[in-house]
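Now for the letters of each chain:
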Amino acid sequence: AMEERRFRSASGAPIALRRRQHSACCRELSVRCPRLRLRSLSAVSSAVWLAAYGLFALSENSMVLSAAIFITLIGLIIYLHFVKIDQESLLVIGSLGIQVTSSYASGKESTTFIEMGQVKDVVINEAIHMQKVIYYLCILLWDPGDPQGVSEVVPLFQSSKPRLDCLIEVYKSCQEILEQRKTTPQAS
Amino acid sequence: ENSPAPLPERAIYGFALFLGSWFGFILYLIWAYIPETWLFSLGLTYWPQKYWAVALPVYLLVTIGIGYILLFGINMMSTAPLNSTHTITDDYAKKQQQKKFQEEAIPALRDIPISEVNRMFYLPEK
């Protein structure tokens, strides 16, 4: 079963949450960020080229123009491959683990897997980020030395930054799977 | 006891500070505006260069301007990052003792774990 709903990110951009239930104890939640807009791309490259043309008019050095073209191309490639994230997804498999995937605009995908034995809980935390207080979803990991403590916090959906309504949906889905851990004790 | 009420001593301190600051200001104006030759003829030869009469206020204003930016930057640097455990707990919360639950009494003040808070806020009551 798959359903998709529209939400807003913390900065107001439209994002879409897709929820897929693969089986009774396996769920995939993915947040799709808005794609790179053609108008912002052309605005940035026009600004860079106008500035380069202005510098060329001042300095009469044609290397400025070719340098500007080079910088624009390299900058665009770096931005698409390392910065612009298209989709962030969370795959929760009860009794196995949690997998976090980020897909970049150039097609690159980076994946992190956390096994269920390390996961203490998935919670919605509030923290100060830049000049705002934002809600964000994070995975708490067990502390080997302290049964009540948390050793590490893994923040999720860092680049799409969904708002609280979207986070509550994701939180409820995750908690339904995590609750099954208590009712079905694992064979060690 | 400390109280912010006006007292005779405080009035005297305030007036002495008022006179002192006026005296300092008039001295600064004399130093900055009266030509050096007139000051020499009065016998005052060992005063600092007049360059400092302009330089010190400029230094002060630039320091105040940088101070705003510096304070903002220090605040941002000491904010805990999103992946640190300081956003969830701290040393006092880790060392707190669990008090026994008493019937009919207000529960003792304690730091509630974030998992419990989340369940209360976001999961619907059954």
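Residues numbered from 1 in each chain as written. Chains lettered and ligands numbered in written order. Predicted model: local features only at pLDDT ≥ 70, side-chain atom pairs only at ≥ 80, totals over all residues. Heavy atoms only, no water.

An unreviewed UniProt entry lists chain B under the name PIGP acetylglucosaminyltransferase, from Urocolius indicus. In the Pathway (unreviewed entry) part of its UniProt record, chain B is described as follows: "Glycolipid biosynthesis; glycosylphosphatidylinositol-anchor biosynthesis." (UniProt positions renumbered as here; feature names shortened; annotations may be inferred.)

Per an unreviewed UniProt entry, the recorded name for chain A is PIGH acetylglucosaminyltransferase, and the organism is Urocolius indicus. According to the UniProt record, the Pathway (unreviewed entry) comment for chain A is "Glycolipid biosynthesis; glycosylphosphatidylinositol-anchor biosynthesis." The record in UniProt for chain A states the following under Sequence similarities (unreviewed entry): "Belongs to the PIGH family."

## What about the side chain of T72(A)?
Residues and elements named next belong to chain A. Note on placement: T72 falls in helix α2 (residues 63-83). At a separation of 2.6 Å, a polar atom in the side chain of T72 contacts the main-chain carbonyl oxygen of A68. In this structure, T72 is in contact with S45, V48 and W49, ignoring residues within four places of it in sequence. (Helix = DSSP H or I, 4+ residues; strand = E, 2+ residues; numbered from the N terminus. Polar contact = N/O pair within 3.5 Å; in protein donor to acceptor, adjacent residues only side chain to side chain. Contact = heavy atoms within 4.5 Å.)

## Looking at the pairing of strand β9 (residues 146-155) of chain A
Within a regular beta strand, the side chains point alternately toward one face of the sheet and then the other, so they alternate between its two faces. Residue and element names in this part refer to chain A. Pairing of strand β8 (residues 132-143) with β9, which is carried by six bridges, proceeds in the antiparallel orientation. Paired with D143 across the strands is D146, a residue of β9. Hairpin connection from β8 to β9: two residues lie between these consecutive antiparallel strands. (Pairing = 2+ DSSP bridges.)

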